[in-house]
Amino acid sequence: MFSTLVEIFSLLHQKQKTKLYLLAVLILVSSIFELISVSLIFPFMRMVSEPEFMNSHQFLIDLTTFFEGDLSKAYLFVGSSIIFLLFISSLLTVTTVWILSRVSYSAGLTLANSLFQFYLKQEYIYHLNINSSELIKRLTNETQRLAEGIILPAVSMLSKLTLIILMIAMIIAV
């Protein structure tokens, strides 16, 4: 499986490879945002359920002081910040999935174009010996299956694997 992915990657143009590298960075950033936003929910719940928790961290003490001791304003500020962060994280995740799909299908299109160029450069005898419907099937169906069945799932798996590794690292750190 890994060797197949490496072989497909080697068939892509440099522009496509650059897009995949940038997508990997976007996946990492999206995973970090998702991890941070989800990990802040439990401290917020603890902060709301245990008012003495507000005195346990310097940031929360400073926040309470900023709101002149009004805990409800501090809770509202922290809760709104977490909701905003969740919104940004979700927006980034949706954007990542959209870009992931575009890059995957674009890679499939690049491979289809390369295959088409290969067929065009073949001698006339090659086309006499092979059924034209087979060539069309390879250009359309097989490259689409490659994009949908290999490239897109592989990049999606990379995305989920990145999030899992970050979550495990956070759990170990905590």
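Coordinates for the structure precede this section.
In this report, we go over the structure that sits alongside the text. All figures in this text were calculated on a predicted structure; none of them were measured in a lab. (Residues numbered from 1 in each chain as written. Predicted model: local features only at pLDDT ≥ 70, side-chain atom pairs only at ≥ 80, totals over all residues. Heavy atoms only, no water.)

## Some points on the overall build of the chain
So, step 1. Within the chain, the secondary structure is distributed over seven helices and zero strands.
So, step 2. For the chain, the N- to C-terminal ordering of α and β elements is α-α-α-α-α-α-α.
So, step 3. Taken against the 2.2 N^0.38 rule, which gives 16 Å for 174 residues, the C-alpha radius of gyration of the chain at 25 Å runs more than 25% over that of a compact globule.
So, step 4. Each of the 174 residues in the chain was classed as buried or not, and the buried ones make up 29%.
So, step 5. Restricting to contacts in the chain with at least 6 residues of sequence separation, those with at least 24 account for 71%.
So, step 6. Carbon together with sulfur atoms contributes 70% to the accessible area of the chain, which is approximately 11,800 Å² in total.
So, step 7. Each charge class in the chain can be summarised by its mean position, and for the 11 positive and 11 negative side chains these summaries are 14 Å apart. (Helix = DSSP H or I, 4+ residues; strand = E, 2+ residues; numbered from the N terminus. Rg over C-alpha atoms; globule rule 2.2 N^0.38 Å. Buried < 20%, exposed > 50% of the residue type's maximum accessible area, 1.4 Å probe, protein only. Contact = heavy atoms within 4.5 Å. Areas by Shrake-Rupley, 256 points an atom, 1.4 Å probe, with all protein chains shown as cover. Lys, Arg positive; Asp, Glu negative; His and termini not counted. Charge placed at Lys NZ, Arg CZ, Asp CG, Glu CD.)

## Thoughts on the side chain of Thr-162
So, step 1. Tracing the backbone through its elements, the reader meets Thr-162 in helix H7 (residues 132-173).
So, step 2. With sequence-adjacent residues up to four places away left out, Thr-162 is seen in contact with Ile-27, Leu-28 and Ser-31.

## Looking at the environment of Ile-88
So, step 1. Tracing the sequence through the fold places Ile-88 in helix H5 (residues 71-121).
So, step 2. Residues Ile-88 and Met-45, spaced 43 residues apart in sequence, show a C-alpha to C-alpha distance of 20 Å.

## Details of the layout of surface pockets
So, step 1. The computed volume of the largest pocket comes to approximately 450 Å³.
So, step 2. Lining the largest pocket are 18 residues, and of these Leu-5, Phe-9, Ala-154, Val-155 and Leu-158 sit closest to its centre.
So, step 3. When residues of the lining of the largest pocket are traced back to their parent elements, those giving at least two are helix H1 (2-11), helix H2 (14-39) and H7.
So, step 4. By residue number, the principal contributor to the lining of the largest pocket is H7, which donates six residues.
So, step 5. Around the second largest pocket sit 13 residues that line it, and Leu-40, Phe-59, Leu-60, Val-78 and Ile-82 are the ones nearest its centre.
So, step 6. Going through the elements one at a time, helix H3 (41-49), helix H4 (58-66) and H5 are the ones with two or more residues in the lining of the second largest pocket.
So, step 7. Considering each element in turn, the lining of the second largest pocket owes the most residues, five residues, to H5.
So, step 8. For the lining of the second largest pocket, a count of residues per class yields eleven nonpolar, two polar and no charged. (1 Å grid on protein atoms, 1.4 Å probe; cavity = no way out; pocket = protein on both sides within 12 Å on 5 of 7 lines; lining within 4 Å. Points joined across faces, edges and corners; volume = space filled by probe spheres on them. Nonpolar A, V, L, I, M, F, W, Y, C, P; charged D, E, K, R; others polar.)

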